[in-house]
Amino acid sequence: MDLVGGIALVVAVGVAGQVAARSLRVPSILLLLVLGLLVGPVLGWLDPDEVFGDALFPLVSMAVGLLLFEESLKLDFGRLRGGARRPVLGLVTTGALVTGLGATAIAYLFLDVTWGRAAVVGAILIVSGPTVVGPLLAIIRPRQPVESVLAFEGIFIDPIGATVALAVANVVLHAEPVSLLATGGWGLLVGVVAAALLVVLIRFGRVPRETEVVLAFAFALGAYALAEGVHDEAGLFATTALGAALANQRVARTEPLHEFGTHIGLLLIGALFVVLSARIDLDALARYALPTIGIVALLVLVLRPLVAGLSTLGTELRWSDRAMIGWMAPRGIVAASTASVFSLRFEDAGEPFPQLVPVVFGVVLLTAIVYGFTGAPAASLLGVRSSERERLDDDGLPVLDRSA
């Protein structure tokens, strides 16, 4: 298949998967994974390596950078109020640390890898993600503040986990902490400066509101390219810093930028997941099936309850609320995409990491299935399911009625 046909197929399948998932009210990654496997290794219609060639790695990396920008736009710390603040802060600090360390130990236990490579897997498995949490919350309907805690955790943890994973992967590949500091520092500087320039343009440059999303998209691409041109992998730091800085500044109104996730973000998620799942080796997926099942079992039954218990200790949450939070930790598109990016990076460095992609994709699939089928019964059993259906946005957060 040529480049034009390949792009058309990826976009068509990605959009179809997103539309169908929303209609069926299921996590989109499940349908996208199935569709990607179908058009890729099953039917052989799409071979991303053949279609995109040497451009595959930089395109995937850039798409991940744009997704992290979209996720970071939601990191408005002012939105955390009331009983959700302390649990969320605990989950994205103490919880992230314990999850990373615990997942590293679990990966080392089940996979024949070094501690460094196990740490890469553990860091990637820190992330959760609103693209899978939101649809699950719409089905489960837990009461407040459980719903907000889980939704905000998904929003905040993606860029945090991806950044930690990026740092760990750089150390494992290069063993040069100084280079890592330079990479991260340069990326953060580029992102913050780009955010400042964009804010000035929006606030004082008479930028039409209908062009703000396109302008932000251009700034995100520019920041990624500039940072990446100086240090490899600095682009991911830059786009994350750009989004977070925009989310927390109060100089210019940036509400239109949230349309980025509604349109460009959805297109990126669909296309990226189809491309990545089409590259999966079904034999490798089967080969690592048993270790993956073991990893998921410990993540779900041991690590997540431990993390939730430690992170919510001393908060206002009831025991049933804490138990429900301990039974919800699916992995999503950022985990899958960062695993694919780092796998390509390891291959490019001449040090293949064959376990990374099939194991992480297996964790994404199995956790979505486990929590998708057991979430609602668990909420009912614990007595934390809301009797009224709230209107939720794409991230699982309640939609405020501003007309009241």
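Just so it is clear, the model here is predicted, and its values are computed rather than measured. (Residues numbered from 1 in each chain as written. Predicted model: local features only at pLDDT ≥ 70, side-chain atom pairs only at ≥ 80, totals over all residues. Heavy atoms only, no water.)

Engineer: Would you mind showing me how to read the packing of aromatic side chains here?
Structural biologist: Two numbers describe a pair of aromatic rings. These are the distance of the centres and the angle of the planes. Evaluated as defined, the whole model comprises 4 aromatic pairs. Relative to W115, the ring of Y108 has its centre 3.9 Å away and its plane inclined at 10 degrees; by these criteria the two rings are stacked. We classify Y108 as partly exposed; its relative accessible area is 35%. Judged by centre distance (5.2 Å) and plane angle (75 degrees), the ring pair of F346 and F353 falls under edge-to-face. One exposure class covers both F346 and F353, and it is buried. (Phe/Tyr/Trp six-rings, centres within 6.5 Å; stacked < 30°, edge-to-face > 60°. Buried < 20%, exposed > 50% of the residue type's maximum accessible area, 1.4 Å probe, protein only.)

Engineer: Can you help me understand the pattern of salt bridges in this one?
Structural biologist: Evaluated as defined, the whole model comprises 5 salt bridges. Taking the shortest distance from any N to any O, the salt bridge between R304 and E153 comes out at 2.8 Å. Within this pair, whereas R304 is found in helix 15 (residues 289-311), its partner E153 is found in helix 9 (residues 146-174), the two being separated by 151 residues in sequence. In this structure R304 comes out as buried when scored by relative accessible area, which is 7%. (Salt bridge = Lys/Arg side-chain N within 4 Å of Asp/Glu carboxyl O. Helix = DSSP H or I, 4+ residues; strand = E, 2+ residues; numbered from the N terminus.)

Engineer: Quick question: what am I supposed to make of the environment of V168 here?
Structural biologist: Positionally, V168 belongs in helix 9. Through-space distance from the C-alpha of V168 to that of A284 is 24 Å; in sequence the pair is 116 residues apart. Those residues in contact with V168, other than ones at most four positions away along the chain, are G116, A119, V120 and A123. (Contact = heavy atoms within 4.5 Å.)

Engineer: What's the story with the confidence of the model for the chain in this structure? I'm lost.
Structural biologist: As a general rule, the predicted coordinates of low-pLDDT regions are not to be interpreted in detail. Per-residue confidence for the chain gives a mean pLDDT of 85, with 92% of residues at or over 70. Every residue in residues 400-404 is under pLDDT 50, and counting partners more than four places away or in other chains gives 0 contacts. (pLDDT = per-residue confidence, 0-100.)

Engineer: Mind showing me how you'd approach the side chain of R331 here?
Structural biologist: As for its placement among the helices and strands, R331 is situated in the loop between helix 16 (319-325) and helix 17 (333-348). Look at R331: it is buried, it has no salt bridge, and the nearest opposite charge is E153 at 7.9 Å. Here L125 takes part through its backbone oxygen, which lies 2.7 Å from a polar atom of the side chain of R331. Within the structure, the side chain of R331 is placed 2.6 Å from the backbone oxygen of A329, a separation counted as a polar contact. Excluding residues that lie within four positions of it along the chain, R331 makes contacts with I29, T99, L125, V127, S128, V132, L299, V363, V364 and T367. (Lys, Arg positive; Asp, Glu negative; His and termini not counted. Polar contact = N/O pair within 3.5 Å; in protein donor to acceptor, adjacent residues only side chain to side chain.)

Engineer: Please explain helix 7 (residues 115-124) as it appears in this structure.
Structural biologist: What sets the pattern is the α-helix's 3.6 residues per turn: residues three or four places apart point alike. The buried fraction of helix 7 amounts to 8 of the 10 residues, a majority that puts the element mostly inside the structure. Where helix 7 is buried, its residues contact helix 6 (94-110), helix 9, helix 17 and helix 18 (356-382).

Engineer: Even after reading the chapter, I still don't get the packing of helix 1 (residues 3-24) against helix 2 (residues 28-42), so can you show me in this structure?
Structural biologist: Packed helices, taken two at a time, are described by their axes: the angle between them and the distance between them. One way to put it is that helix 1 packs onto helix 2 with a least axis distance of 8 Å and a crossing angle of 145 degrees. Like other packed secondary-structure pairs, helix 1 and helix 2 cross with a definite hand, here right-handed. Residues V13, G14, G17, Q18, A20, A21 and L24 of helix 1 touch helix 2, and the partners they reach there are S28, L31, L32, L35 and V39. For the contact of helix 1 with helix 2, the class distribution of residues is 8 nonpolar, 4 polar and no charged. (Axes fitted to C-alpha atoms, helices over the stretch in contact; angles between N-to-C directions. Left-handed = near helix turned anticlockwise from the far one by under 90°. Nonpolar A, V, L, I, M, F, W, Y, C, P; charged D, E, K, R; others polar.)

Engineer: Please clarify how the nonpolar core should be interpreted in this entry.
Structural biologist: Nonpolar side chains in soluble globular proteins generally cluster together in the buried interior. In this structure, I124, L246, F342 and L356 are the most contacted members of the largest nonpolar core, which totals 122 residues. The greatest single-element share of this core, amounting to 13 residues, is contributed by helix 9. Non-local contacts of F342, meaning those with residues more than four positions away in its chain, are made with V120, I124, A165, L166, A169 and L356. (Core = buried A, V, L, I, M, F, W, Y, C linked by side-chain atoms within 4.5 Å.)

Engineer: What is the right way to read the packing of helix 9 against helix 12 (residues 234-248) from this model?
Structural biologist: The contact between helix 9 and helix 12 brings their axes to 10 Å, and the two run at 160 degrees. It follows from the interaxial angle that helix 9 and helix 12 lie roughly antiparallel. Note that helix 9 runs across helix 12; the crossing there is left-handed. Of helix 12, the residues touching helix 9 (which contributes P159, T163 and L166) are L236, F237 and T240. For the contact of helix 9 with helix 12, the per-class residue count stands at 4 nonpolar, 2 polar and no charged. (Parallel < 35°, antiparallel > 145°, perpendicular 65-115°, else oblique.)

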